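Examining the three-dimensional arrangement
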Amino acid sequence: MDTEATKTAQSSGAGDEINDRLLNELVGHLRSNRKALTEEWVGRVTEEQLLGVMTSEEIFSELTAVYDNYVDALETGSVETLQAYARDLSERIIPRGVETHEVVGIVLLLRDVLARSLFVKYEGDGELLNQVLDAYEPAANRIAVTVSVSFVEERERVIREQQESIQELSTPVLQVRERLLILPIIGVLDSQRARQLTEQLLQAIRTNRAKVVVVDITGVAAIDLTVANHLFHTIEASRLMGASVIVTGLSSRIAQTLVDLDVDLSMIKTVGDLQGGLEEAELLMGYGSAGANPADD
Amino acid sequence: MSVLISRQGDYLIASVVSDLSDSQVVALRSELIDRACALRARGIILDVGGLDVIDSFVARSLRSIALTMRLRGAETVVVGIRPEVAIAMVQFDLDLVPIHAALDIDEAFLLLEHRIEGNSEDER
């Protein structure tokens, strides 16, 4: 529906009719010189050392396909097929490390190569050249924008997906035994992650009716005041939920940093490693069961 | 009244059913302390599961109830703090250490028994 609407909008008015005629002529020209122009384009791309991660055969076949889609888009005025193709292409080349500047550069080069061939073709007739360029430029710009935007969107989608999966992976709350949870923290603890981690932990405390939580920070490389505060908030919130927290795996470096930062650690139960932490946790749980059966005493 | 106070052995159980105004919080605080003194309670269980929000005033009041009761030789345990409420409470920059917390009333009984036992052992 949309493409039809744009088409009708484009073909309305006498000036646009001339544009359409010129564009058709232009497309004819690009089709008949397909081989020569593609080769020139590929030559320019290689010269500028774009797409360095791909072999020259790959570059040639990909660029030929882009060329055909490009000409089709010029002809129909609809960028949807090209957009879909650009997405698909981006999906293939992003994992290989193709950068945004390369994609933009390639599209601009094609635009340049085609414009030059038009200059050569209409060299004698300045008037007609102007008209052809008037018809060509807006369409070419639109295509260039579409391809670049598709690439960037695809890239952002990949980044978003990866971020989501990292977030899902990064905060597993594990139940070791009844009412004993382990929360291994790996990587960087920023405020957003700290918040998410706290929420997950508190939910887990509630659903598992946890009494003791062992927070293992062996996987945390460095800690600063902000991170330390996040950690304290997590611990304090867990305590308000009725669970005791044991922190394990403080590396000697982190321990030194915390002392240097003058952080008050007296309220936090810390144990050297995870094994010790679990033993300590079992001791704490033991108190719980002794309390449950006072007759045992 | 949005707070129900009942007695269970040596303990007082106060259940907050709905959100409290500041004046109700103040009233709750003095009533709890009076009742605990009159009944010679050894522990107070404060169930705040009915609270959607605990603002800094309520948090401060919980803390002062706990500190006051300790002066009277009784322990206070707060139960039923919701996860989102706990996250908000730790942002207040308030020393929450005097507030003992438990998951539910059963746990609160265990914790009180343990703490009171511990205290009397210390005295010996």
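Every value quoted in this text rests on a predicted model; they were computed, and no experiment measured them.

1. Some thoughts on the overall build of chain A
In terms of helices and strands, chain A carries 11 helices and five strands. When each of the 297 residues of chain A is scored for burial, the buried share is 42%. Per element, the accessible surface of chain A, about 16100 Å² overall, is 53% carbon and sulfur.

2. Side note on the overall build of chain B
A count of helices and strands for chain B gives four helices and five strands. Counting from the amino terminus, helix and strand elements in chain B follow one another as β-β-α-β-α-β-α-β-α. Across chain B, every contact between residues at least 6 apart in sequence was considered, and the portion connecting residues at least 24 apart equals 71%. Put simply, chain B shows about 6000 Å² of open surface, and 48% of that area lies on carbon and sulfur atoms.

3. Remarks on the packing of helix α4 (residues 56-76) of chain A against helix α5 (residues 80-93) of chain A
Residues and elements named next belong to chain A. α5 packs onto α4 with a crossing angle of 160 degrees between their chain directions and a minimal axis gap of 9 Å. With respect to α5, the axis of α4 lies roughly antiparallel. Handedness of the α4/α5 crossing: left-handed. Taking contact as the criterion, the partners of Glu-62, Ala-65, Val-66, Asn-69, Tyr-70 and Ala-73 in α4 are, on α5, Thr-81, Leu-82, Tyr-85, Leu-89 and Arg-92. Class assignment for the residues of the contact of α4 with α5 results in seven nonpolar, two polar and two charged.

4. Section: the pairing of strand β4 (residues 75-79) of chain B
Residue and element names in this part refer to chain B. Most of β4 is tucked away, with five of its five residues classed as buried. Residues of β4 alternate between two faces, with Glu-75, Val-77 and Val-79 on one and Thr-76 and Val-78 on the opposite face, all of them buried. Note that strand β3 (residues 43-47) and β4 share five bridges and pair parallel. By the bridge assignment, Asp-47 is partnered in β4 with Val-79. Crossover connection from β3 via helix α2 (residues 56-71) to parallel β4: handedness right-handed. In this sheet, strand β5 (residues 100-102) lies alongside β4 in parallel orientation, the contact comprising three bridges. Counted as the bridge partner of Val-79 is Ala-102 from β5. Each parallel crossover has a hand, and for β4 linked through helix α3 (residues 83-89) to β5 it is right-handed.

5. Notes on the confidence of the model for chain A
In this model, chain A carries a mean pLDDT of 82, and residues with pLDDT of at least 70 account for 90%. Across residues 1-12 of chain A, where pLDDT falls below 50, the model places 10 contacts with residues more than four positions away in sequence or in other chains.

6. Some points on the sheet that holds strand β1 (residues 3-8) of chain B
Residue and element names in this part refer to chain B. What the five strands build is an open sheet, ordered β1-β2-β3-β4-β5; its pairing is mixed. The two strands at the open ends of the sheet, each matched to only one other strand, are β1 and β5. Neighbouring strand axes in the sheet, compared pairwise and without regard to direction, differ in orientation by 25 degrees on average.

7. Comments concerning the nonpolar core
In terms of nonpolar packing, the biggest core is built from 64 residues, with A:Ile185, A:Ile205, B:Leu32, B:Ile54 and B:Met89 touching the most fellow members. Those residues in contact with B:Met89 that sit more than four places away from it in its chain are A:Leu240, B:Ile54, B:Ala59, B:Leu62, B:Ile81 and B:Leu96. Formed by 49 residues, the second largest nonpolar core is a distinct cluster that contains A:Leu26, A:Val42, A:Leu89 and A:Val113.

8. Focus on the interface of chain A and chain B
In this complex, chain A contributes 24 residues to the contact, which on the side of chain B involves 21 residues. For the pair chain A and chain B, the summed buried area comes to about 2000 Å², and 61% of that belongs to carbon and sulfur atoms. The interface formed by chain A and chain B contains four salt bridges. For B:Glu107, the salt bridge identified is with A:Arg179, shortest N-O distance 2.8 Å. For the pair chain A and chain B, the interface holds six residue pairs in polar contact (both at pLDDT 80 or more). Sorting the residues of the side of chain A that touches chain B by element identifies α8 (191-208), α9 (225-240) and α11 (274-292) of chain A as the ones contributing at least two each.

9. Overview of helix α3 (residues 34-47) of chain A
Residue and element names in this part refer to chain A. Relative to the 20 Å expected for 14 residues at 1.5 Å per residue, α3 spans 20 Å between its end C-alpha atoms, a close match to the ideal helical length. Those residues of α3 lying buried are Leu-37, Thr-38, Trp-41, Val-42, Arg-44 and Val-45. Taken end-on, α3 shows its buried residues confined to a sector of 160 degrees, consistent with a single buried face. In α3, the exposed positions angled more than 90 degrees off the buried face are occupied by Lys-35 and Glu-47. One or two residues past the end of α3 sits Gln-49, with phi positive at roughly 60 degrees.

10. Examining the side chain of A:Ser117
Residue and element names in this part refer to chain A. Topologically, Ser-117 is positioned in helix α6 (residues 100-121). Ser-117 gets classed as buried once you look at its relative accessible area, which sits at 13%. Reaching out from Ser-117, the side chain makes a polar contact with the side chain of His-29 at a distance of 3.3 Å.

Calculation rules
- Residues numbered from 1 in each chain as written.
- Chains lettered and ligands numbered in written order.
- Predicted model: local features only at pLDDT ≥ 70, side-chain atom pairs only at ≥ 80, totals over all residues.
- Heavy atoms only, no water.
- Helix = DSSP H or I, 4+ residues; strand = E, 2+ residues; numbered from the N terminus.
- Buried < 20%, exposed > 50% of the residue type's maximum accessible area, 1.4 Å probe, protein only.
- Areas by Shrake-Rupley, 256 points an atom, 1.4 Å probe, with all protein chains shown as cover.
- Contact = heavy atoms within 4.5 Å.
- Axes fitted to C-alpha atoms, helices over the stretch in contact; angles between N-to-C directions.
- Parallel < 35°, antiparallel > 145°, perpendicular 65-115°, else oblique.
- Left-handed = near helix turned anticlockwise from the far one by under 90°.
- Nonpolar A, V, L, I, M, F, W, Y, C, P; charged D, E, K, R; others polar.
- Pairing = 2+ DSSP bridges.
- Right-handed = clockwise from strand over helix to strand, strands pointing away.
- pLDDT = per-residue confidence, 0-100.
- Core = buried A, V, L, I, M, F, W, Y, C linked by side-chain atoms within 4.5 Å.
- Buried area = accessible area lost by both parts, 1.4 Å probe.
- Salt bridge = Lys/Arg side-chain N within 4 Å of Asp/Glu carboxyl O.
- Polar contact = N/O pair within 3.5 Å; in protein donor to acceptor, adjacent residues only side chain to side chain.
- Expected span 1.5 Å × (residues − 1).
- Arc of directions from axis to C-beta.

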